[in-house]
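Structural characterization, general
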Amino acid sequence: MAGSTESSTPVEGDIRLMKIEAEAAISEIRYAVEHAEISLKLASSDDRAFFNVRTKEGDRFCIELSALGYRIVGTGFDSVSSEEGSTYYETIYALLDQHSPKYRSSFGEALVGKLEGLQKLQEKMENGSAGHRVSEEKGS
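All figures in this text were calculated on a predicted structure; none of them were measured in a lab.

Let us now look at the confidence of the model for the protein. For the protein, the average pLDDT comes to 82, and 79% of its residues sit at 70 or higher. Per-element confidence in the protein ranges from a low mean pLDDT of 76 for helix α3 (residues 101–139) to a high of 97 for strand β1 (residues 35–38). A low-confidence stretch, residues 1–12 stays under pLDDT 50, and its non-local contacts, those more than four residues away or across chains, total one contact.

Moving on, we get to the layout of surface pockets. With a probe scaled to a water molecule rolled over the atoms, the places where space remains empty come into view. By volume, the largest pocket is sized at about 160 Å³. Forming the walls of the largest pocket are E28, Y31, Y93, F107, A110, L111 and K114. Element by element, the count of residues in the lining of the largest pocket is highest for α3, at four residues. When its residues are assigned to classes, the lining of the largest pocket shows five nonpolar, no polar and two charged.

Turning our eyes to something else, we now look at the packing of aromatic side chains. Taken as a whole and judged by the stated rule, the model has one aromatic pair. Positioned above the aromatic ring of F77 is the side chain of R60, whose terminal nitrogen or guanidinium carbon lies 4.5 Å from the ring centre.

We now examine the sheet that holds β1. If you walk across this open sheet you meet the four strands as β1-β2-β3-β4, and the pairing is antiparallel. The sheet terminates laterally at β1 and β4 (69–74), the two strands that pair on one side only. Between one strand axis and the next, the sheet turns by 30° as a mean value, whatever way the strands run. Sheet strands touched by helix α2 (residues 92–99): β2 (48–54), β3 (60–66) and β4. Its angle to β4, the strand with the most contacts, is close to 45°.

On to the nonpolar core, then. In this structure, F51, V53, I63, Y70, I92 and L96 are the most contacted members of the largest nonpolar core, which totals 22 residues. Looking at this core, the elements that each hand over two or more residues are α1 (12–29), β1, β2, β3, β4 and α2. The element contributing the most residues to this core is α1, with five residues. Aside from chain neighbours lying at most four places away, what touches V53 is I29, V33, H35, A36, D59, R60, F61, I63, F77 and L96.

Criteria and thresholds
Counting restarts for each chain, with residues numbered from 1 along the sequence as it is written. Side-chain atom pairs in this predicted model are given and counted only at pLDDT of 80 or more, local residue features only at pLDDT of at least 70, and totals for whole chains, interfaces and linings cover all residues. Hydrogen atoms and water are omitted, and side-chain values are computed over all heavy atoms in the structure. What pLDDT reports is the predictor's confidence in each residue, on a scale of 0 through 100. Here a strand is any run of E in DSSP of at least two residues, a helix any run of H or I of at least four, and the numbering for each starts at the N terminus. Any two residues whose heavy atoms approach within 4.5 Å are treated as being in contact. A cavity here means a set of 1 Å grid points, computed over protein atoms only, where a 1.4 Å probe fits but cannot escape. A pocket is an open set with protein on both sides within 12 Å along at least 5 of 7 lines, and lining residues have an atom within 4 Å of a point. Grid points are joined across faces, edges and corners, and a volume is the space filled by probe spheres set on the points. For this scheme, ten residues count as nonpolar: Ala, Val, Leu, Ile, Met, Phe, Trp, Tyr, Cys and Pro. Four count as charged, namely Asp, Glu, Lys and Arg, and the remainder, Gly too, count as polar. Two rings belonging to Phe, Tyr or Trp (six-membered ring only in the last case) form a pair when the distance between their centres is within 6.5 Å. Interplanar angles under 30 degrees mark stacking, angles over 60 mark edge-to-face geometry, and anything in between is tilted. Charge-over-ring contacts are defined here by two conditions on Lys NZ or Arg CZ: a distance within 6 Å of the ring centre and an angle within 35 degrees of the ring normal. By the convention used here, strands pair only if DSSP detects at least 2 bridges between them. Whenever a helix is involved, its axis is fitted only over the stretch in contact; in every case the axis is a line through C-alpha atoms, and angles between N-to-C directions fall within 0 to 180 degrees. Remark: nonpolar core denotes a set of buried residues (Ala, Val, Leu, Ile, Met, Phe, Trp, Tyr, Cys) joined through side-chain atoms within 4.5 Å. Relative accessibility thresholds used throughout: buried, under 20% of the residue-type maximum; exposed, over 50%; partly exposed, between the two (1.4 Å probe, protein chains only).

Written out as structure tokens, the structure reads:
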């Protein structure tokens with residue numbers, strides 16, 4: 001009998017993938033929030049994972065990550081409220097940009113810091129190659 005040997009039921013690997021994606025999002029925003037962690041009380045499934053975030057303003061959110069994106073599902077850690085809106089955001093950055101002015105500031109500061117670091121590196125490389133040319137000219 002020809003056919004696939006794959007099961008159509010959710011597998012633990014799928015659950016782990018959603019949780020891994022949520023952990024990656026947490027890792028990406030950790031510099032710009034007070035606290036972020038995977039929910040230990042709300043179970044991840046094959047189609048969603050939950051994590052908690054406390055912004056620099058002190059606001060607490062329970063965030064759901066699903067195939068539709070990120071959305072706030074509660075205004076406390078490990079809480080899901082049917083009263084919360086159903087606005088989905090494509091990225092965790094877009095969600096935080098909308099709900100945390102200090103996130104925007106942190107993001108801008110981090111960007112400026114990285115650009116300054118790149119500029120210093122470029123200047124160092126230019127000065128190093130200029131110094132190399134001067135020593136070659138003295139040697140001739």
